[in-house]
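# Residue-level structural notes
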Amino acid sequence: MGCFFSRRRKPAQGGQQQQQQQQQAAAAATAGAGQDAAAGEEKAPPQYSWDQRAKIDPKDYTFSGLKDETVGRLPGKVAGQQFVIQDCENCSIYIFDHSAMITIDDCVNCQIFLGPIKGSVFFRGCKDCKCIVACQQFRTRDCRKLEVFLCCATQPIIESSTGMKFGCFQYYYPELALQFKDAGLSIFNNTWSNIHDFTPVSGENNWGLLPENAVVQDYVPLPSSEELKAVRISTDAMRSIIPITRGQRQKSSDESCLAVFFAGDYTTANARKLIDEMTGKGFQLVQTKEVSMKAEDGHRVFQQCAAEFIPLLEKGPVVALEFNGDGAVEGCRSTVNDVFSGTKVFVSESKASASQDVDNFYNFADMQMGM
């Protein structure tokens, strides 16, 4: 036995070679294991951001086969998805959110509210339904007796449908304005009364307008379920997100006036303020429009005033309002001078020129929007 401080004995020559071979083999095994691990990592499927998205269950975006029920979706629960409503009878249905598109098939005696729809809403085979709808495109086929308070950016179309009645969209809840924006819809582009009947019948009229004094809640009552009561709804015309327009109803006067606001931080607020001021004085809002204009359009619409307003067109879309009533031009000019003294606003100069102003602008706007 060697003492504690004795020197370690050297291995024999053959043993040293064997040890070196063992060390080399171990190193090779380690490298091979590393390569195998790396290869395993390379074989793993790549991960993408869309793989992490929550899976969508179509059942969450469908109401089907319901009877005598009150159902709906709260703000934020649809979030731009498509929605399907089908085979429902005697139901109250509320979609308090924006969506991509909605189809309603074979529903009978239902009350339906549909928040802003980025694309189209298509009613097929429905009858005796009362609806409030905001959309880019509206179409019906094989429907009977639908009564619709409508906001539609393009010309509504009915096909093989009878007993159709239309009124202007009239609704408010706090989230609705942002939902219109998310759906890409302007609150000023509403052709609710400009209906195109794709299958007219000689001597008959398949559609008409709801009474001017129609009360929205008499057609589509507020929701009765506790969950949906959480939405703070108002059907007061003064609070409606969409300005209430006369559309194609008979005008009360042969005098109209055109007012045009140009793009800026307060364009929408200013337009709504003028609407409140003018309707408060007894004048009627006939139609509204938000549209982009080029310099040549400005020359055609604003004519001798074009040089003053054309530079403002580069800032963005304009908002135009047509008011009607005896003294509308003077009333609008005095209101603009009193309330919007620091804001550039085009207002018709006289009763004689106002009618041409209205025709020039809305003929241009209809062509621009493909109406």
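Structure first, text after, so check above.
Residues numbered from 1 in each chain as written. Predicted model: local features only at pLDDT ≥ 70, side-chain atom pairs only at ≥ 80, totals over all residues. Heavy atoms only, no water.

## Considerations on the overall build of the protein
Stated precisely, the cut-off is as follows: Numbering of helices and strands starts at the N terminus; helices are DSSP runs of H or I of at least 4 residues and strands are runs of E of at least 2. Throughout, exposure labels follow a simple rule: accessible area from a 1.4 Å probe, protein chains only, divided by the maximum for the residue type, with under 20% read as buried, over 50% as exposed, and the rest as partly exposed. Any pair of residues with heavy atoms lying within 4.5 Å of one another is described as a contacting pair. We get accessible surface area from the Shrake-Rupley algorithm with a probe of 1.4 Å; when it comes to residues, only the shown protein chains can shield them.
Helices and strands together make up the secondary structure of the protein, namely 8 helices and 16 strands. When the 371 residues of the protein are sorted by exposure, 44% land in the buried category. Looking at the protein alone, contacts between residues at least 24 apart form 54% of all its contacts between residues at least 6 apart. Roughly 19900 Å² of accessible area belongs to the protein as shown, and the carbon and sulfur atoms make up 47% of that amount.

## Remarks on the sheet that holds strand β16 (residues 345-347)
Stated formally: In short, DSSP must find at least two bridges between two strands for them to pair. Helix axes use the C-alpha atoms of the stretch in contact, all axes being lines fitted to C-alpha atoms, and the angles between their N-to-C directions lie in the range 0 to 180 degrees.
The antiparallel open sheet is built from 4 strands, whose spatial order is β14-β15-β13-β16. The open sheet is flanked by β14 (284-291) and β16, the only strands paired with a single partner. In this sheet, adjacent strand axes meet at a mean angle of 15° when their direction is disregarded. Here 3 bridges tie strand β13 (residues 256-261) to β16, and the two strands are oriented antiparallel to one another. Each residue of the ladder has a partner; that of A259, found in β16, is V347. Packing against the sheet, helix α7 (residues 328-339) makes contact with β13, β15 (318-324) and β16, and its axis sits at approximately 30° to β13. Against the sheet, helix α8 (residues 351-368) contacts β13, β14, β15 and β16, and its axis sits at roughly 45° relative to β14.

## Details of the packing of aromatic side chains
Condition: When the centres of two rings from Phe, Tyr and Trp lie within 6.5 Å, Trp using its six-membered ring, the rings pair. Their planes under 30 degrees apart give stacked, over 60 give edge-to-face, and anything left gives tilted. Here, a charge over a ring is recorded when the distance from Lys NZ or Arg CZ to the ring centre is within 6 Å and its angle to the ring normal is within 35 degrees.
Within the structure shown, the criterion is met by 21 aromatic pairs. Ring geometry for Y94 and F96: centres 5.6 Å apart, planes at 20°, overall stacked. In this structure Y94 comes out as buried when scored by relative accessible area, which is 1%. Arranged with centres 5.8 Å apart and planes meeting at 45°, the rings of F123 and F138 form a pair that is tilted. Within this pair, whereas F123 is found in strand β6 (residues 111-124), its partner F138 is found in strand β7 (residues 127-141), the two being separated by 15 residues in sequence. Each member of the pair F123 and F138 is classed as buried. We note R124 situated over the ring of F122; from NZ or CZ to the ring centre the distance is 5.1 Å.

## As for the pairing of β6
For β6, the buried fraction is high: 11 of the 14 residues fall into the buried class. The pairing of strand β4 (residues 92-95) with β6 spans 4 bridges and is classified as parallel. Paired with S92 across the bridge in β6 is Q111. Here strand β5 (residues 102-105) pairs with β6 via 4 bridges, running parallel. Each residue of the ladder has a partner; that of I104, found in β6, is F123. Judged from the 10 bridges that link them, β6 and β7 form a sheet pairing that is parallel. Looking across to β7, one finds that I112 is bridged to C131.

## Observations regarding the packing of helix α5 (residues 295-302) against α8
Operational definition: For this classification, under 35 degrees means roughly parallel, over 145 means roughly antiparallel, 65 to 115 means roughly perpendicular, and everything else is oblique. Side-chain classes are defined by residue name, with Ala, Val, Leu, Ile, Met, Phe, Trp, Tyr, Cys and Pro counting as nonpolar, Asp, Glu, Lys and Arg as charged, and the others, Gly among them, as polar.
Across the interface, α5 lies against α8 with an axial gap of 8 Å and an inter-helix angle of 155°. Taken together, α5 and α8 sit at an angle that is classed as roughly antiparallel. On α8, the residues touching D297, R300 and V301 of α5 are D357, N360, F361 and F364. A per-class count over the contact of α5 with α8 returns 3 nonpolar, 1 polar and 3 charged.

## Quick notes on unusual backbone geometry
Not every positive phi belongs to a glycine, and N90 is a case in point at roughly 55°. Assignment of secondary structure puts N90 in the loop between β3 (83-86) and β4. By relative accessible area, N90 is classed as partly exposed at 34%. Even without being glycine, K145 reaches a positive phi, approximately 55°. Tracing the chain through its elements places K145 in strand β8 (residues 144-152).

## Section: helix α4 (residues 267-280)
How we decide: Every helix has an expected span of 1.5 Å times one less than the residues it contains. As used here, the arc belongs to the directions running from the helix axis to the C-beta atoms.
Taking 1.5 Å as the rise per residue, α4 with 14 residues should run 20 Å; its terminal C-alpha atoms sit 20 Å apart, in good agreement. The set of residues buried in α4 consists of T267, N270, A271, L274, I275 and M278. Each buried residue of α4 sits inside an arc of 140° when the element is viewed along its axis, so together they form one side. Buried positions along α4 lie against β13, β14, β15 and α7. Positive phi appears at G282, one or two residues downstream of α4, with a value of about 95°.

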